[in-house]
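Residue-level listing of the chains:
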Amino acid sequence: MDSTFWHDRWASNQIGFHLPEVNPYLLRHWPGLGLANQARVLVPLCGKSLDLMWLVQQGYGVLGVELSEKAVQEFFQEHCLVAQVSQRGSFKVYQAGAIELWCGDFFELRREDAAGCTALYDRAALIALPPLMRERYAAHLQVITPQVGSGLLISLDYQQAQKAGPPFAVSDDEVHRLLGAHWRLSTLEQRDILAESPKFAQAGVTRLEERVYQLAGC
């Protein structure tokens, strides 16, 4: 899987991963993290998620990272925001108030770029990546976020042989293996959402579990 795959998905508007509302898990569980007002949140592979604006409205700063410039531009257009655009290393940065969306390859984000972020929100990053890239993603997170002490991760788990990703299946064991050395992980919620996911049911998937993890600094 390379950057062309995601650019093509956005170009053809094949963005079923984009939710038309704020993620309900975020609404339920983010307040429980007890973050300081104006804390800055790192959101990898953020797309044009409505979650970004919700976080800003709650008083947080947001650093979102997204490969597709189309997604970034649409976010600002759809929220009627005028962005200042600058170049920072290999990233094209769109900023309006407390929100910055960095357009470029997440794996090129440096520790100093994310230095102000003390929280992490991953709704659709880990599950967007095939196995080897998940390994790389987790390792890169640990390098660039030593100061991140809180966060939420949402995963999806099913029999991968029953349907090809993305979104990819990531088991509870794998989540702990990838991230457990850097954060303490607590499962806040687990639901079988197969009845709400006709594409998975039609593909023959027999179990589709979403899990919500709280991340806390070790």
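Right, let's walk through the structure included here. Since the structure is predicted, the reported quantities are computational estimates derived from the model, not experimental observations.

Conventions used here
- Residues numbered from 1 in each chain as written.
- Predicted model: local features only at pLDDT ≥ 70, side-chain atom pairs only at ≥ 80, totals over all residues.
- Heavy atoms only, no water.
- Helix = DSSP H or I, 4+ residues; strand = E, 2+ residues; numbered from the N terminus.
- Buried < 20%, exposed > 50% of the residue type's maximum accessible area, 1.4 Å probe, protein only.
- Contact = heavy atoms within 4.5 Å.
- Pairing = 2+ DSSP bridges.
- Axes fitted to C-alpha atoms, helices over the stretch in contact; angles between N-to-C directions.
- Parallel < 35°, antiparallel > 145°, perpendicular 65-115°, else oblique.
- Disulfide = S-S within 2.5 Å.
- Salt bridge = Lys/Arg side-chain N within 4 Å of Asp/Glu carboxyl O.
- Phe/Tyr/Trp six-rings, centres within 6.5 Å; stacked < 30°, edge-to-face > 60°.

Tracing the sequence through the fold places Met53 in helix α3 (residues 50–57). Judged by its relative accessible area of 13%, Met53 is buried. Spatially, the C-alpha atoms of Met53 and Ile99 are 8.1 Å apart, while their sequence positions differ by 46 residues. With residues up to four places along the chain from it excluded, the contact list for Met53 reads Phe75, His79 and Leu81.

Now for the sheet that holds strand β5 (residues 99–103). The mixed open sheet is built from 9 strands, whose spatial order is β3-β4-β5-β2-β1-β6-β7-β9-β8. Of all the strands in the sheet, the pair left with one neighbour each is β3 (84–88) and β8 (183–192). Neighbour-to-neighbour, the strand axes of the sheet open up by a mean angle of 20°, direction not taken into account. Those strands touched by helix α6 (residues 172–179) are β7 (150–157), β8 and β9 (209–217), and its axis lies near 160° from that of β8.

The next point concerns the packing of helix α5 (residues 131–144) against α6. Where α5 meets α6, the axes come as close as 9 Å, and the angle between the chain directions of the two elements is 40°. Here α5 lies oblique to α6, going by the angle between them. Where α5 approaches α6, its residues Arg134, Glu135, Ala138, Leu141 and Gln142 are matched on the opposing element by Glu174, Arg177, Leu178 and Leu179.

Time to look at the state of the cysteines. One covalent bond between the sulfur atoms of two cysteine residues makes up a disulfide. One pass over the full model with this rule turns up 0 disulfides. Lacking any disulfide linkage, Cys103 is separated from the closest cysteine sulfur, that of Cys46, by 9.3 Å. Exposure remark for Cys103: the relative accessible area of 10% places this residue in the buried category.

Pro166 follows Gly165 through a cis peptide bond whose omega is 0°. Topologically, Pro166 is positioned in the loop between β7 and α6. In the segment running from Pro166 into Pro167, the intervening peptide bond is cis, with an omega of -5°. When you line up the elements, Pro167 lands in the loop between β7 and α6. A positive phi is found at Gln38, a non-glycine position, where the angle reads about 75°. Among the structural elements, Gln38 can be located in the loop between α2 (24–29) and β1 (40–44).

Moving on, we come to the pattern of salt bridges. With the rule as written, the count across this model stands at 16 salt bridges. Its salt-bridge partner being Glu100, residue Arg40 comes within 3.0 Å of it at the nearest N-O pair. On the criterion of sequence distance, the pair formed by Arg40 in strand β1 and Glu100 in strand β5 is long-range, its members being 60 residues apart. Arg207 is the partner of Asp157 in a salt bridge, and the nearest nitrogen-oxygen pair spans 3.6 Å.

Scanning all chains against the criterion turns up 8 aromatic pairs. Seen from their ring centres, Phe106 and Tyr137 are 5.4 Å apart, and the 40° between their planes marks the pair as tilted. Residue Phe106 is located in the loop between β5 and β6 (117–122), and its partner Tyr137 is located in helix α5; the two are separated by 31 residues in the primary sequence. Here the two residues Phe106 and Tyr137 agree in accessibility, since each one is buried.

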